[in-house]
Each structure stands twice: as structure tokens, then as C-alpha cells.
Number of protein chains: 2
Amino acid sequence: MSLLVTGTIGIDDIVTPTGHAEAVLGGSCMYFSAAASFFGAVRLVAVVGEDFPPAFKEVFAAFPTVDTRGLEIRKGGKTFRWGGKYLAGMNSRETLFTELGVVGEKPPVVPTVFSDSSCLFLANMPPAVQLGLLEQAPSRKLTVADTMDLWINVAKADLLVLLRRVDGLVLNYDEAELLTGCGNTVTAGRHILEMGPRFVVIKKGEHGCLLVHRDGMCALPAYPTEKVVDPTGCGDTFAGGMMGSIAAAQGAKDMGSFGSIRRALVHGTVVASFTIEAFSLDRLRTLTWAEIEARYDEYASMVRV
Amino acid sequence: MSLLVTGTIGIDDIVTPTGHAEAVLGGSCMYFSAAASFFGAVRLVAVVGEDFPPAFKEVFAAFPTVDTRGLEIRKGGKTFRWGGKYLAGMNSRETLFTELGVVGEKPPVVPTVFSDSSCLFLANMPPAVQLGLLEQAPSRKLTVADTMDLWINVAKADLLVLLRRVDGLVLNYDEAELLTGCGNTVTAGRHILEMGPRFVVIKKGEHGCLLVHRDGMCALPAYPTEKVVDPTGCGDTFAGGMMGSIAAAQGAKDMGSFGSIRRALVHGTVVASFTIEAFSLDRLRTLTWAEIEARYDEYASMVRV
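Residues numbered from 1 in each chain as written. Chains lettered and ligands numbered in written order. Predicted model: local features only at pLDDT ≥ 70, side-chain atom pairs only at ≥ 80, totals over all residues. Heavy atoms only, no water.

> Help me get a handle on the overall build of chain A, residues and values and all.
From N to C terminus, chain A includes 11 helices and 13 strands. Counting across all 305 residues of chain A, residues that qualify as buried make up 60%. Taking contacts inside chain A between residues at least 6 apart in sequence as the whole, the part at least 24 apart equals 66%. Carbon and sulfur atoms provide 53% of the accessible area of chain A, an area that totals close to 11500 Å². (Helix = DSSP H or I, 4+ residues; strand = E, 2+ residues; numbered from the N terminus. Buried < 20%, exposed > 50% of the residue type's maximum accessible area, 1.4 Å probe, protein only. Contact = heavy atoms within 4.5 Å. Areas by Shrake-Rupley, 256 points an atom, 1.4 Å probe, with all protein chains shown as cover.)

Written as C-alpha cells, this is what we have:
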């Protein structure tokens, strides 16, 4: 199945308790694509500014199955920039600055060559933009969206419209509570299903994830690790591994089934566990399929009941 | 293998966002014994006061494999009492009052008929008391202790002595950080192994648990549930299910191995998931082995990779 992702590509400044990285490649779409690329081809649709550093194109070379024909380099535009600082324990962060640049302007367009995509991931963007992009993939069989607290607070009406049109939603633990008013994660998940999607994946960071699906429920722990260098992009690579796995392994009939999503969550968990081992996409750039397989087996043996 | 537990039995007043219970049976030893009793015989060693309500003896009748010959009803003594209030979301609580009564006086004594016990669980008590009780089980093959933030703060030297003498430690997430100064749970677990035990089980409440064992590591999610009436005793029944499973299933050779603990954690997780469905021991009193098996199978299928 052909996988398409839309979202942001940006330049990040990151400060952690043990280090920092300046002007590194980031953005939801970038992390997602890199992660999904291990499972097969992934079509990227995003917009950056004219200032997008040429050196970053070398990063794309590390992920040859990412199809960048949907990457618009907008003349006169400025690339999205974000700065974040992680607090002790790496479990919370504060945003130091956000410069929307081209992300605050006209959204990217899905190229005609991508319009036959069957599997669609709408990474975190304003829900109205996500809706517009969804319309440009008329052959979609499975559509999954991410969102964030900002849109729940300022664009909830648009988000509710979007939720009626997607098959799945991926969001954080606290965002699920904000969206539904339910402190119990399972209850929050069930409420989200009533809003439209047939499944929701609730991410809990170091505590793993919960899948609430119309046909069942599944909880998985994160891969327990001591090597936490930079959590940026962890959620996006989790989603990338998950969607890459779904698109690669499943026929259209099984796609989106409880079993297919559950299997895919393990791939998401494993790929995300590598992302946090280095700043930006540094770990993913050197990651091999053999390493993914080895950690998959290790993880499987850890959770085996 | 014969399982012995020492700890507190008390009278609890509990307030939750949706209800309250007054003067109900509680205490670590009580919850532990009830949970462990589903897996086989469990020897209980605890002390209560002369005011211990006779009606509570009916509760013991619901758990016929609990051997209460080690329950001392101390003349002139007052039973331990605790009052707690759970905050919205049930993830945190405040202590309303603590009346130590007999728990603050002379500790209970292990009866001679119990001195051949091979499997020992020291539920949460002052570490010096736990050490004294440990001495009274000279045939012990596997000793596991619980502790809490209070003892880490006020009796750390005693606790460190205890840790050199036990095979395993069970404690909460935040307590592991307090004990070791490590915010990363895996790192905290490894530090605890350096203090003596060959395994540590770090409980994360609704987020499950992490086992750090000299021979491996394992993470398990909690059973995802919407029915959270009263979390009191959840950690103690988790430990009871775990130890009951170890004592019932394992020969002395395998006891305490990575594989045996991992299997036991699932039993602990499953039994704990029932405890929270009602106040006090109400749910455990009506729980059947068939219900445990059915939820075990459901849980196993949820986490299966």
C-alpha cells in the first residue's frame, strides 16, 4: 500500500539536561518519514522556506525510500523553527520559541503523482489544513491523524469535523484527557471512538501506549531504556513505524483491523526507542533493519506472557 | 513452597471522588494474603488490637487458604488505622490520618509452626522490624521486601542493611527515584541491584511495572480498565499475586529466576486489576479462579507481540 504523510519539516534548537543541539533538522513529517522508510516507500508532502539548509538534503539521502517529490521549497519563505528545552527526567519540556514561517502560510499541495495514495497520515497541523490535505488523497483507504493540545483548545470544531473523516487518531495521554474531559485513559479512548475514528492510539511516552479499537483494546509498554539523549520526534517516529508497518504488511482488506494495528504498534515502539538515543535524526540515520529486528525480538521476549 | 507474609492489618477510612468507605478492613498484609491465597496456602504474621472488629473474621473466611495462626490480637492494644483521600483521576492520594496503635509497638512474632517457611514477603514496615522478622524464618529460600518513601527518608541506613539480605525489592516508581536519585526508572532499578537484591519490581500504578533482574529486564502494562472504584491495596495485591504465583508454581531451584518472576508479574497484574473494582477487599471476596484465568487470557492476548 502506498503511504503518504503530510506535516511539518523544520529547524530545531534543543536543550536537554545533558546537552544541546542547534539548528538541526526536525519536524513531525521528517521524523515520521524517516521512521516509516524502514518499512517501505513513503511519500512526503511538506513545505519549507528558501532558507532550508542544503546540507539537510544529505539527511534525506540516508532514507532513500522517502519520496521527496512532495517537498515544496517556497521562494521567499522562511522554514518553520522550533526551540525546546527538556526538564530533568526528560518527561516534560517547555517551548522556547516557535517561528511558523511557511507553516503559517499556504499549506503544501499533494502532487498529482501522489494522489493515488492508499494510506494517509496527517501529522500534527491545524485541523482545517489536515482536512484540506485529506481531500487531495481521494484513493485513501486508511487515514490516521495526529493532533495536539493547541488545536483542541483553539480549533476544536474543525478537529471534530476531521475526526468524522479519519479511521484513526494518534495523540498523547494528556491531550486525550483534554479532548474528552476523561481522566481515565480507557474511558477517554472510548469517547474518542464516539467522535468518529474506529481506533485511537494514546501515547504515554516512557509508559508506552494504549490502543482503543472498535474491536478490542491493547496496552504495550515502551522499550525500557537508559539511553535518553533527546526525546524530540519520539512520538512522530512511533507513528511512522506504526504506519510504515501497516502500509508494508497489510492488504487493503486487513488494513486498520485490530490485529494489524496491534502488530504495527510494536514496530512503532521499537523504532521510537532508537530515536531518543541521539539528537535530531542522528540515530535513525545510522539505524539498520537488523538492529530493528534484534530489538523487536528483545522487546517481544520482554513482554511475552 | 510455603509462603509467609508479614505486614500490617488495619482499619481504613477511604474517600474517593465518587464514594467513601468507613472503618473497612485493610492493611498491606491483609491485601497481600487475600491475593496470594488464590494460588495456594499463605501464612500471615501480623498484630491487631483488642478492638479488632469480630465481623472482620468473616472476611478471612472468604480466603480459606490464609493461615491466620500468626495473627496476634494484642490485649489492650489498638488496631492500626489509616484514612486516605484519592484525588481526581485516582492517581494520587493524601493521607488524612494515621494511628499506628499496635503497629508502633512490639512487632509480631513468627510462630514456630511457620519457621520452616521457604518463601518470605516482608510487606511495608520499618526496615528494622522487617530485619527482625526475616531472622525468624531461617529456612527462607526467597525473600522479597516492600518499602515506602517514609523509610527511605527516616531509616535509610536500616533499609540499606535490609537490602543486602533480600533477594527482591518491590517499590513504587517515585520511591525508586527517591532511593537512588535516578529519574530514569531503568537506571534506578540497576542502582538498586547494586544495593543487594538480585531483582527489583518497580510499580507504576496504571502504567504497569518494570522488572529489573540480574538476568534481564521486562516491562508490562497494567490491565487497562475503566472500573476504578478504590485503588487502596492495589500494590499489595499485585505483590500477593506475584508471590503466590512464585510459591505455587516454582521449585526451589527455579524460584527467583528471571522467567519465574516475569510469569508471576502477570498474575500480580491480573489480581490487582480486580482489587480496584470495589472498596476494601470486597471484590477479592467474590473473585473466582475462573475469573482470574479469563482475565489472564484476555491480558495475554492484549500484550501478545
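> Can you explain the interface of chain A and chain B? Please cite residues and give values.
Residue-level contacts link 31 residues of chain A with 31 residues of chain B. Buried area between chain A and chain B, summed over both chains or domains, comes out near 2600 Å², and the portion from carbon and sulfur atoms is 52%. The interface formed by chain A and chain B includes two salt bridges. Here Glu226 of chain A makes a salt bridge to Arg190 of chain B, at a shortest N to O gap of 2.4 Å. At the surface where chain A touches chain B, the tally comes to 12 residue pairs in polar contact (both at pLDDT 80 or more). Contributions of two or more residues to the side of chain A that touches chain B are made by helix H7 (185-194), strand S13 (216-220), helix H9 (258-275) and helix H11 (289-303) of chain A. Here the side of chain A that touches chain B takes six residues from H11 of chain A, the largest share from any one element. (Buried area = accessible area lost by both parts, 1.4 Å probe. Salt bridge = Lys/Arg side-chain N within 4 Å of Asp/Glu carboxyl O. Polar contact = N/O pair within 3.5 Å; in protein donor to acceptor, adjacent residues only side chain to side chain.)

> Kindly report on the packing of helix H9 (residues 258-275) of chain B against helix H11 (residues 289-303) of chain B, identifying the contributing residues and their values.
All names here are of chain B. Between H9 and H11, the shortest axis-to-axis distance is 10 Å and the interhelical angle comes to 115°. When the axes of H9 and H11 are compared, the crossing they make is right-handed. The residues of H11 that touch H9, namely those facing Val266, His267, Thr269, Val270, Val271, Ser273 and Phe274, are Glu291, Ile292, Arg295, Tyr296 and Tyr299. (Axes fitted to C-alpha atoms, helices over the stretch in contact; angles between N-to-C directions. Left-handed = near helix turned anticlockwise from the far one by under 90°.)

> Break down the packing of helix H6 (residues 173-180) of chain A against H7 of chain A for me, with residues and values.
For any two helices packed against each other, the geometry is given by the interaxial angle and the distance between the axes. Residue and element names in this part refer to chain A. Packing of H6 against H7 leaves a shortest axis separation of 9 Å and a crossing angle of 60°. Classified by the angle their axes make, H6 and H7 are oblique. Relative to H7, H6 is oriented so that their crossing is left-handed. Taking contact as the criterion, the partners of Tyr173, Ala176, Leu179 and Thr180 in H6 are, on H7, Thr185, Ala188, His191 and Ile192. (Parallel < 35°, antiparallel > 145°, perpendicular 65-115°, else oblique.)

> Please set out the environment of Thr286 of chain B residue by residue, giving values where relevant.
Within the secondary structure, Thr286 of chain B sits in helix H10 (residues 282-286). For the pair Thr286 of chain B and Leu220 of chain B, spaced 66 residues apart in the sequence, the C-alpha separation amounts to 26 Å.

> Give me the lowdown on the relation of the copies chain A and chain B, citing residues and values where you can.
The operation relating chain A to chain B is a screw motion whose rotation component is 180°, with 0.0 Å of axial translation and a residual RMSD of 0.0 Å. Both chain copies can therefore be described as sitting about a two-fold axis. In this assembly, 100% of the residues forming the interface of chain A have copies in chain B that are likewise at the interface, indicating an isologous arrangement. (Least-squares fit on C-alpha atoms with pLDDT ≥ 70 in both.)

> How would you summarise the environment of Leu71 of chain A if you had to cite specific residues and measurements?
All names here are of chain A. Tracing the sequence through the fold places Leu71 in strand S5 (residues 66-74). Given the relative accessible area of 16%, Leu71 is considered buried. In sequence terms Leu71 and Gly84 are 13 residues apart; their C-alpha atoms lie 25 Å from each other. Residues within four places of Leu71 in sequence aside, it is in contact with Ile9, Leu44, Ala46, Val48 and Phe60.

> Give a description of the sheet that holds strand S3 (residues 19-26) of chain B that names residues and reports values.
All names here are of chain B. Pairing is mixed in the open sheet, where four strands are placed in the order S3-S2-S6-S7. Each edge of the open sheet is held by one strand with a lone partner, namely S3 and strand S7 (93-99). Put simply, the sheet's adjacent strands are angled 15° from each other on average, direction ignored. The pairing of strand S2 (residues 10-16) with S3 spans six bridges and is antiparallel. When the bridges of S3 are listed, Thr16 appears paired with Gly19. (Pairing = 2+ DSSP bridges.)

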